Amino acid sequence: MANTTTEFDTIAAISTPPGEGAISIVRLSGEDALPIAEKIFKGRDLQKVASHTINYGHIVDPENGEVIDEVMVSVLRAPKTYTREEMVEINTHGGIVATNHVLQLLLSHGARLAEPGEFTKRAFLNGRIDLTQAESVMDLIRAKTDRAMQVAVNQLDGNLSRLIKNIRQEILDALAQVEVNIDYPEYDAVETMTTKMLLEKATMVKKQIEQLLATASQGKVLREGLATAIVGRPNVGKSSLLNYLLHEDKAIVTDVAGTTRDVIEEYVNVRDVPLKLIDTAGIRETDDKVEKIGVERSKQAITQADLVLLILNNSEALTDEDRTLLAATQDKKRLVILNKTDLPVKLDEAELQQTVAPENIIAISALTATGVDQLEQRIADLFWGGIDNSQSTTLVSNARQIGLLNQAKQALDDVLAGIKAEMPVDLVQIDMTRCWDLLGEITGDAYQDELLNQLFSQFCLGK
Ligand SMILES: Nc1nc2c(c(=O)[nH]1)N(C=O)[C@@H](CNc1ccc(C(=O)N[C@@H](CCC(=O)O)C(=O)O)cc1)CN2
Ligand SMILES: Nc1nc2c(ncn2[C@@H]2O[C@H](COP(=O)(O)OP(=O)(O)OP(=O)(O)O)[C@@H](O)[C@H]2O)c(=O)[nH]1
Ligand SMILES: [Mg+2]
């Protein structure tokens, strides 16, 4: 942050996407929002209109009387606003020139250009939302599927915050109890009682944190997409399957082995699972320089994938290359796909079943699209299996939150180890307090300026 900016001066920004549109919104927030808007607005007296009204008028450059735009201006009086500050929203005709001109006028009449995320940052600093809610605002904007959006809205409603706050309250109760008991050190029985209580609390809280952490892998995939590598020997039909799942001919398909030379990445939703599909060059020993690089990248794609779709040609016997791929992917989450089932069968499925569970072998024909439905269903089952897919589930999906939950869990492990080693209660208490602090960082009850700047700088301008 530059030295000239103060934390609560009046800020302005264009809150709609840049470019041509029907309407654009220029937002102001801060003590002087109304007086500044007044200076460039001709219409009703904005200071006198009722809050939460929209008012017709014109933006006029006070220097020369030039009319910049015909507008609608919303007046939102503190504290019932997005930032809890005085706010004004100017709805302009959505061109770049007029909208920028309005912003420039506000800047030359006392407003400062907002930093990315600064409106939402103020909503946090002014206590309207906590950090998990602020983070969910960004998740909401970036959501790629209905389900990802639901998760974000759930978090914006404060459900994760409430969970964390309840856990923190439990810890605080325990710590208060310890304080009281420490005041009576003459009673040996009190110490035993205190230790027992701490043990119970720490065990219970650890369980709750573990339950939250168990949702993390699904949460992460919802945000980033399940990285799904399509691998197999040349010509087995990898690009054909990619094209089918995408419902468009993105990858080049030919009967020449080695058609795909590089890795192709595409996003697609399969039954509301966001997949980041990675089509790879067919893996084989090759002397072709370009193809060789492609093959190396394919191997890398396997390493990085959350899910591997290994394609085999059902109309040919298994080759050593197939066997190598089967071995190379056996520790990954994997589906083995028998393609070209429209042709006569030559592949020995019995050999396959020695190493692959039958429910993970799926027969399809990318040419006639048979079996692709079952494949999609299996992907969805694999993904949603084991988690409660109801709308109300609270998932943690954010790397910062997950990192802090893991540290909080570690602190509880230290508490439990301390109790087991019969350490004095006041030492155990230190680890319990650390857990309380770490959970506080998730909601922003405890935070450092650096964290806030880093977090909000990832936001869009005007948010
Ligand atoms: N024009 C416009 N549309 C928008 C926003 C905005 O700022 N401007 N929002 C911004 O992203 C979102 C809406 N989010 C909002 C969240 C809270 C409050 C608010 O004023 N809350 C007050 C009072 C609520 C009430 O009247 O009961 C509060 O919680 O105290 C406003 C907008 C989406 N649409
Ligand atoms: N009969 C039949 N042919 C198929 C099927 N799937 C793909 N093919 C054909 O197999 C050939 C190779 O398909 P691709 O999708 O290019 O195969 P690939 O695995 O991407 O090949 P490389 O990029 O060279 O590694 C093309 O001629 C496809 O039309 C299928 O299910 N049945
Ligand atoms: Mg290909």
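See above for the structure.
Each chain carries its own residue numbering, running from 1 in the direction its sequence is written. Written order decides the labels, with chains lettered from A and ligands numbered from 1. Only residues with pLDDT of at least 70 get local features here, since the model is predicted, and only at 80 or more are side-chain atom pairs given and counted; chain-wide, interface and lining totals rely on the full set of residues. For side-chain calculations, the full set of non-hydrogen atoms in the structure is used, while hydrogens and water are omitted.

**Structural notes on the site of ligand 2**
Here's step 1: Near ligand 2 lie 23 residues; those nearest to it are Lys238, Ser240, Gly258, Thr259 and Asp342.
Here's step 2: The contact in question runs from an oxygen atom of ligand 2 to an N or O atom on the side chain of serine 240, over 2.6 Å.
Here's step 3: Two N or O atoms form a polar contact when they lie within 3.5 Å of each other; inside protein one atom must be a possible hydrogen donor and the other a possible acceptor, and for residues adjacent in sequence the pair counts only when both atoms belong to side chains. Between ligand 2 and alanine 366 there is a distance of 3.0 Å, counted from an oxygen atom to a backbone nitrogen or oxygen.
Here's step 4: Each helix corresponds to a stretch of at least 4 residues labelled H or I by DSSP, and each strand to a stretch of at least 2 residues labelled E; elements are numbered beginning at the N terminus. For the shell around ligand 2, the leading source of residues is helix α9 (residues 238-246), giving 3 residues.
Here's step 5: Residues belonging to the shell around ligand 2 are distributed by class as follows: 8 nonpolar, 11 polar and 4 charged. When at least one non-hydrogen atom of a residue lies within 4 Å of a molecule or strand, that residue is treated as near it. Each residue is assigned to one of three groups, with Ala, Val, Leu, Ile, Met, Phe, Trp, Tyr, Cys and Pro labelled nonpolar, Asp, Glu, Lys and Arg labelled charged, and all others, Gly among them, labelled polar.

**A look at the site of ligand 1**
Here's step 1: If you check the shell around ligand 1, you find Arg27, Lys80, Thr81, Tyr82, Glu89, Arg128 and Lys463 and nothing else.
Here's step 2: Within the side chain of arginine 27, a nitrogen or oxygen atom sits 2.6 Å from an oxygen atom of ligand 1.
Here's step 3: Contact with the protein chains hides 48% of the accessible area of ligand 1, taken as 690 Å² for the molecule alone.
Here's step 4: Residue composition of the shell around ligand 1, by class: 1 nonpolar, 1 polar and 5 charged. The Shrake-Rupley method, run with a 1.4 Å probe, gives the accessible areas here. Residue values count only the displayed protein chains as cover.

**Re the sheet that holds strand β13 (residues 361-363)**
Here's step 1: If you walk across this open sheet you meet the 6 strands as β9-β10-β8-β11-β12-β13, and the pairing is mixed. The outermost strands of the open sheet, each flanked by one partner alone, are β9 (264-270) and β13. Averaged over all adjacent pairs, the angle separating strand axes in this sheet is 25°, with direction ignored.
Here's step 2: Should DSSP find at least two bridges between two strands, the strands are taken to pair. Note that strand β8 (residues 226-231) and strand β11 (residues 307-313) share 4 bridges and pair parallel. By the bridge assignment for β11, isoleucine 230 is matched with leucine 309.
Here's step 3: Note on contacts: a residue pair is in contact if any heavy atoms of the two residues lie within 4.5 Å. Only the contacting stretch of a helix is used when fitting its axis, a line to C-alpha atoms as for every element, and angles between N-to-C directions run 0 to 180 degrees. On top of the sheet, helix α13 (residues 372-384) reaches β8, β9, β10 (273-279), β11, β12 (334-339) and β13; it is set at about 175° to β12, its chief contact.

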